[in-house]
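# Survey of secondary and tertiary structure
As a plain string of letters, each chain reads:
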Amino acid sequence: MSSEPANTEQFESVTVSRDGYVGQITLDRPEAMNTFSTGLARDLDDALHALEADSEVRAIVIDGAGKTFSAGIDLSEHGDHETEADYEEWVTVMEAPFQTVTEMGTPVIAAAHGHAAANGIGLVAACDLAVAAEGTQFGATAPKVGLFCMGPSVPLMKVLPRKRCLELVLTGELIDAETALEWGLINRVAPSGEHRAHALELAETIATKSPTAVQMGKQAFYEMVEREYDDALEYSNEQFGALCTTADAREGIDAFLAGDPLDADEWPGE
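Computed from a predicted model, the values in this text were never measured in an experiment.

### Concerning the overall build of the chain
- Looking only at helices and strands, the chain has 10 helices and 10 strands in total.
- The C-alpha radius of gyration computed for the chain amounts to 19 Å, which stays within 12% of the reference 18 Å derived for 270 residues, consistent with globular compactness.
- Projected onto its principal axes, the C-alpha coordinates of the chain cover approximately 60 × 45 × 40 Å.
- Per-residue burial for the chain yields a buried fraction of 48% across its 270 residues.
- Carbon together with sulfur atoms contributes 52% to the accessible area of the chain, which is approximately 13500 Å² in total.

Take a look at the structure:
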């Protein structure tokens with residue numbers, strides 16, 4: 001499939017494109033270390049929704065422009081608010097992309113480099129998969145400025161053992177990419193400068209598989225992980241039964257049994 005832009009509006013704080021079946025979002029405030037301003041948070045959330053609505057997109061990679069992935073929330077906006085309600089409304093905008101990534105069917109892969117701190121580490125944790133360049137530093141650094149990474153704690157506590165998560169959020173200290181890999185925060189460490197290429201490789205691998213199975217499967221995964229064991233199995237049986245009736249399942253199984261598995265362009269996608 002040829003490279004072409006995604007069907008999205010122009011954004012001020014992120015850039016969005018599509019290459020074949022892979023959507024790409026770049027956090028684009030390099031002069032501010034890609035910190036989450038209100039504008040960037042809204043743009044990122046809108047871009048995720050736009051790519052989710054694009055039927056050609058089967059996987060998404062998020063990276064950062066410049067020297068870092070994201071250094072967290074733009075603290076220059078702190079003084080724009082006064083009341084608790086104001087701050088709650090502000091931070092709700094900041095954390096919306098974490099929820100969107102979890103709810104959407106399209107797999108999302110973070111490609112981190114430089115620093116992923118505060119909301120940056122939260123975004124890495126919220127993504128379904130993550131790749132980091134050698135030398136990347138990760139941290140829940142908010143206690144250093146009198147705040148706490150409460151929002152990032154939510155995806156972090158889902159992917160890390162409790163004491164690893166608490167070590168990050170209580171100390172505010174940084175860990176390196178190799179430690180992040182050992183702890184389970186990321187999937188792969190790539191040579192310096194190659195993190196985006198490795199993330200795109202993962203995305204393209206996903207994109208060759210049944211888009212219906214992947215999207216239904218991802219959404220079922222996040223539903224099942226919140227349920228008790230027996231309830232999760234019952235739900236999985238329901239979802240598997242539904243998946244078995246799709247065109248992707250019928251044609252994919254027929255092609256496999258005939259010894260000629262479907263290529264990326266051959267999936268019905270329904």
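Structure's up, so let's keep going.
### Some thoughts on the domain arrangement of the chain
- Parsing the chain into structural domains produces domain 1 (14–208) and domain 2 (211–258).
- Distance between the C-alpha centres of domain 1 and domain 2: 27 Å.
- At the interface, 14 residues of domain 1 touch 7 residues of domain 2.
- Summing the contributions of domain 1 and of domain 2, the shared interface buries around 810 Å²; its carbon and sulfur component is 47%.
- Area buried by domain 1 at its contact with domain 2 is led by Arg58, Thr102 and Gly105, which between them contribute 46% of it.
- Of the charged contacts, one joins lysine 158 and glutamate 226 as a salt bridge, the two residues approaching to 2.9 Å between their closest N and O atoms.
- For the pair domain 1 and domain 2, the number of links is 8 residue pairs in polar contact (both at pLDDT 80 or more).

### Here we look at the nonpolar core
- Residues Ile25, Ile62, Val124, Phe138 and Leu185 are the most contacted members of the largest nonpolar core, which totals 50 residues.
- The leading source of residues in this core is helix 1 (residues 38–53), at 6 residues.
- Excluding anything up to four places from it in sequence, valine 124 contacts Phe69, Ala110, Ala112, Ala116, Ala130, Phe138, Leu185 and Ile186.
- Listed in part, the 15 residues of the second largest apolar core include Val22, Ala59, Leu200 and Leu202.

### Topic: the packing of helix 8 (residues 211–224) against helix 9 (residues 229–244)
- Taken N-terminus to C-terminus, the directions of helix 8 and helix 9 make an angle of 165°; their axes are 10 Å apart at the nearest point. Between helix 8 and helix 9, the angle falls in the class roughly antiparallel. Once helix 8 is placed against helix 9, the crossing between them reads as right-handed. Contact with helix 8, carried on its side by Thr212, Ala213, Met216, Ala220, Glu223 and Met224, involves Ala232, Tyr235, Ser236, Gln239, Ala242 and Leu243 of helix 9 and no other residues of that element.
- Counted by class, the contact of helix 8 with helix 9 contains 8 nonpolar, 3 polar and 1 charged residues.

### Considering a nonpolar patch on the surface
- Together, Phe148, Met150, Leu166 and Leu170 make up a nonpolar patch on the protein surface, roughly 410 Å² of accessible area in all.
- By the secondary structure assignment, phenylalanine 148 is in the loop between strand 8 (137–139) and helix 4 (150–159).
- Judged by relative accessible area, phenylalanine 148 falls into the partly exposed class, the value being 35%.

### Side note on the environment of isoleucine 206
- With respect to the helices and strands, the residue isoleucine 206 is situated in helix 7 (residues 195–207).
- A residue is classified by how much of its surface remains accessible, and isoleucine 206, at 18% relative accessible area, is buried.
- Distance in space between the C-alpha atoms of isoleucine 206 and alanine 59 is 6.8 Å, their sequence separation being 147 residues.
- Excluding residues that lie within four positions of it along the chain, isoleucine 206 makes contacts with Arg58, Ala59, Pro107, Ile109, Leu129 and Val214.

### Some details on unusual backbone geometry
- Phi at methionine 33 takes a positive value of approximately 55°, unusual for a residue other than glycine.
- Relative to the helices and strands, methionine 33 resides in the loop between strand 3 (22–27) and helix 1.

Reading the values: rules and limits
Position numbers for residues count from 1 along each chain, tracking the sequence in the order it is written. Totals for whole chains, interfaces and linings use all residues, but because this is a predicted model, local features are given only for residues with pLDDT of at least 70 and pairs of side-chain atoms are given and counted only at 80 or more. Hydrogens and water molecules were not included; the side-chain quantities draw on all heavy atoms of the structure. In DSSP terms, a helix is any run of H or I states spanning at least four residues, a strand is any run of E spanning at least two, and both are numbered starting from the N terminus. To get the radius of gyration, use the C-alpha atoms; to get the globule rule, take the number of residues to the power 0.38 and multiply by 2.2 Å. Burial classes: relative accessible area under 20% of the type maximum marks a residue as buried, over 50% as exposed, and values in between as partly exposed (1.4 Å probe, protein chains only). Per-residue and other accessible areas were derived by the Shrake-Rupley procedure at a 1.4 Å probe size, with only the shown protein chains allowed to occlude residues. Bear in mind that the domain bounds are from an automatic or database domain assignment. We call two residues contacting when some pair of their heavy atoms lies within 4.5 Å. Summed over both partners, the accessible area lost on bringing two parts together, with a 1.4 Å probe, is the buried area. Each salt bridge in this description consists of a side-chain nitrogen of Lys or Arg and a carboxyl oxygen of Asp or Glu lying within 4 Å of one another. In the analysis that follows, any N or O atom pair within 3.5 Å is treated as a polar contact, provided that within protein one partner can donate a hydrogen and the other can accept it, and provided that, for residues neighboring in sequence, both atoms belong to side chains. Side-chain atoms within 4.5 Å link the members of a nonpolar core, which is a set of buried Ala, Val, Leu, Ile, Met, Phe, Trp, Tyr and Cys residues. Note on geometry: axes are lines fitted to C-alpha atoms, helical ones only across the stretch in contact, with angles between N-to-C directions running from 0 to 180 degrees. If an angle is under 35 degrees, it is roughly parallel; if it is over 145, roughly antiparallel; if it lies from 65 to 115, roughly perpendicular; otherwise it is oblique. Two helices cross in a left-handed way if the nearer one is turned anticlockwise from the farther one by less than a right angle. They cross in a right-handed way if the turn is clockwise. In this classification, Asp, Glu, Lys and Arg are treated as charged, Ala, Val, Leu, Ile, Met, Phe, Trp, Tyr, Cys and Pro as nonpolar, and every other residue, Gly included, as polar. Like-charged residues within 9 Å of one another, or nonpolar side chains (Val, Leu, Ile, Met, Phe, Trp, Tyr) within 5 Å, are grouped into patches, provided each residue has over 30% relative accessible area and no salt bridge.

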